[in-house]
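# Examining the three-dimensional arrangement
Chain by chain, the residues:
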Amino acid sequence: AQTVTQSQPEMSVQEAETVTLSCTYDTSESDYYLFWYKQPPSRQMILVIRQEAYKQQNATENRFSVNFQKAAKSFSLKISDSQLGDAAMYFCAYRSDIIQGAQKLVFGQGTRLTINP
Amino acid sequence: NAGVTQTPKFRVLKTGQSMTLLCAQDMNHEYMYWYRQDPGMGLRLIHYSVGEGTTAKGEVPDGYNVSRLKKQNFLLGLESAAPSQTSVYFCASTGKGNQPQHFGDGTRLSIL
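We now turn to the structure provided with this report. None of these values were measured; they are calculated from a predicted model.

## With respect to the overall build of chain B
- Counting secondary structure elements, chain B contains zero helices and eleven strands.
- In chain B, the succession of α and β elements from N to C terminus is β-β-β-β-β-β-β-β-β-β-β.
- The C-alpha radius of gyration of chain B comes to 13 Å, within 12% of the 13 Å expected for a compact globule of 112 residues.
- Seen through its C-alpha atoms, chain B measures out along the principal axes to roughly 40 × 30 × 25 Å.
- When the 112 residues of chain B are sorted by exposure, 50% land in the buried category.
- Considering only intrachain contacts with a sequence separation of at least 6, the fraction spanning at least 24 residues in chain B is 55%.

## Looking at the side chain of Thr107 of chain B
- Among the structural elements, Thr107 of chain B can be located in strand β11 (residues 107-111).
- Owing to a relative accessible area of 0%, Thr107 of chain B belongs among the buried residues under this scheme.
- One polar contact links Thr107 of chain B to Gln6 of chain B, side chain to side chain, over a distance of 3.4 Å.
- Non-local contacts of Thr107 of chain B, meaning those with residues more than four positions away in its chain, are made with Arg43 of chain A together with Gln6, Thr7, Pro8, Lys9, Leu21, Ser87, Val88 and Tyr89 of chain B.

## A few points about the interface of chain B and chain A
- Taken together, the 27 residues of chain B in the interface contact 22 residues of chain A.
- Interface area, chain B with chain A, both sides summed: about 2000 Å², of which 52% is carbon and sulfur.
- Our count for the contact surface shared by chain B and chain A stands at zero salt bridges.
- Across the chain B-chain A interface, the total number found is eight residue pairs in polar contact (both at pLDDT 80 or more).

## Quick look at the packing of aromatic side chains
Residue and element names in this part refer to chain A.
- Scanning all chains against the criterion turns up 16 aromatic pairs over all chains.
- With centroids separated by 6.1 Å and ring planes inclined at 40°, the aromatic side chains of Tyr25 and Tyr94 adopt a geometry described as tilted. Highlighted residues: Tyr25 in strand β4 (residues 24-26) and Tyr94 in strand β10 (residues 88-97), separated in sequence by 69 residues. The pair formed by Tyr25 and Tyr94 is uniform in burial state, with each residue classed as buried.
- When the centroid spacing of 6.3 Å and the interplanar angle of 80° are considered together, the rings of Phe68 and Phe75 count as edge-to-face.

## What about the sheet that holds strand β8 (residues 73-78) of chain B?
Residues and elements named next belong to chain B.
- The strand order across the open sheet formed by four strands is β1-β3-β8-β7, and the pairing between neighbours is antiparallel. Each edge of the sheet is formed by a strand with only one pairing partner; in this case those strands are β1 (4-7) and β7 (65-67). Neighbour to neighbour, the strand axes of the sheet diverge by 20° on average, direction disregarded.
- Relative to strand β3 (residues 19-25), β1 runs antiparallel, the two sharing four bridges. Its bridge partner being in β3, Val4 is matched across the sheet by Gln25.

## Notes on the state of the cysteines
- Applying the stated criterion across every chain, the model contains two disulfides over all chains.
- Across a sulfur-sulfur distance of 2.0 Å, Cys23 of chain A and Cys92 of chain A are joined as a disulfide pair. Looking down the S-S bond of the Cys23 of chain A and Cys92 of chain A bridge, the torsion is -70°, so its handedness is left-handed. You can see Cys23 of chain A sitting in the loop between β3 (19-21) and β4 and its partner Cys92 of chain A sitting in strand β10, a full 69 residues away along the chain.
- Judged by relative accessible area, Cys23 of chain A falls into the buried class, the value being 1%.
- The disulfide partner of Cys23 of chain B is Cys91 of chain B, and the S-S distance across this bridge is 1.8 Å. Here the S-S torsion is close to -75°, and the disulfide linking Cys23 of chain B with Cys91 of chain B is therefore left-handed. Highlighted residues: Cys23 of chain B in strand β3 and Cys91 of chain B in strand β9 (residues 87-94), separated in sequence by 68 residues. Across the pair, exposure class does not vary: Cys23 of chain B and Cys91 of chain B are buried alike.

The rules behind these values
- Residues numbered from 1 in each chain as written.
- Chains lettered and ligands numbered in written order.
- Predicted model: local features only at pLDDT ≥ 70, side-chain atom pairs only at ≥ 80, totals over all residues.
- Heavy atoms only, no water.
- Helix = DSSP H or I, 4+ residues; strand = E, 2+ residues; numbered from the N terminus.
- Rg over C-alpha atoms; globule rule 2.2 N^0.38 Å.
- Buried < 20%, exposed > 50% of the residue type's maximum accessible area, 1.4 Å probe, protein only.
- Contact = heavy atoms within 4.5 Å.
- Polar contact = N/O pair within 3.5 Å; in protein donor to acceptor, adjacent residues only side chain to side chain.
- Buried area = accessible area lost by both parts, 1.4 Å probe.
- Salt bridge = Lys/Arg side-chain N within 4 Å of Asp/Glu carboxyl O.
- Phe/Tyr/Trp six-rings, centres within 6.5 Å; stacked < 30°, edge-to-face > 60°.
- Pairing = 2+ DSSP bridges.
- Axes fitted to C-alpha atoms, helices over the stretch in contact; angles between N-to-C directions.
- Disulfide = S-S within 2.5 Å.

Shape descriptors only; they carry no functional weight alone.
Dropping the structure here:
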């Protein structure tokens, strides 16, 4: 079974600085998807970025980018120019295909990110 | 665009009571999912559905039942609520292909 580990329960960063959130996973599959979700106090689950394992190029979405190391099974999220609105819980997730096209998302424990003004 | 709508948003139950959580999506998605989120943990899959009239067990199905009588709705039932089921429940849906899951806003359920 796949597992996802986020070893940093909490992180903090100064506004406008850069922060990196860590995520490692375990799988025997060769093709899969990885995601970072943001959960602000409003409780919504907001997709930040996703990475397809067969693509070697790291995904980027504006100020958010990932460092995907397939051999090391590592998938870190870098947030550049941190803004107060980035404060949230961040979850790393692995997508495992179940049957008939259904997907199972396996989540890490989450990292609470605080932005200091 | 409503997306995925969950009702109710909050509920307090007494041990042994029953209730049903409703999830509705307006995106004509094939697949629907119920997750629970507990403190210090990520979301865990309870049950899922690959289409109207079908349901299947996820990672933590015990104590829950589900039904999908209509494609747009996915119901999660607690027949006899227990304090261990105090949690935040999320519904999600996705279409065919490699689309990401769309989540509802969650239901906070407390069982006393």
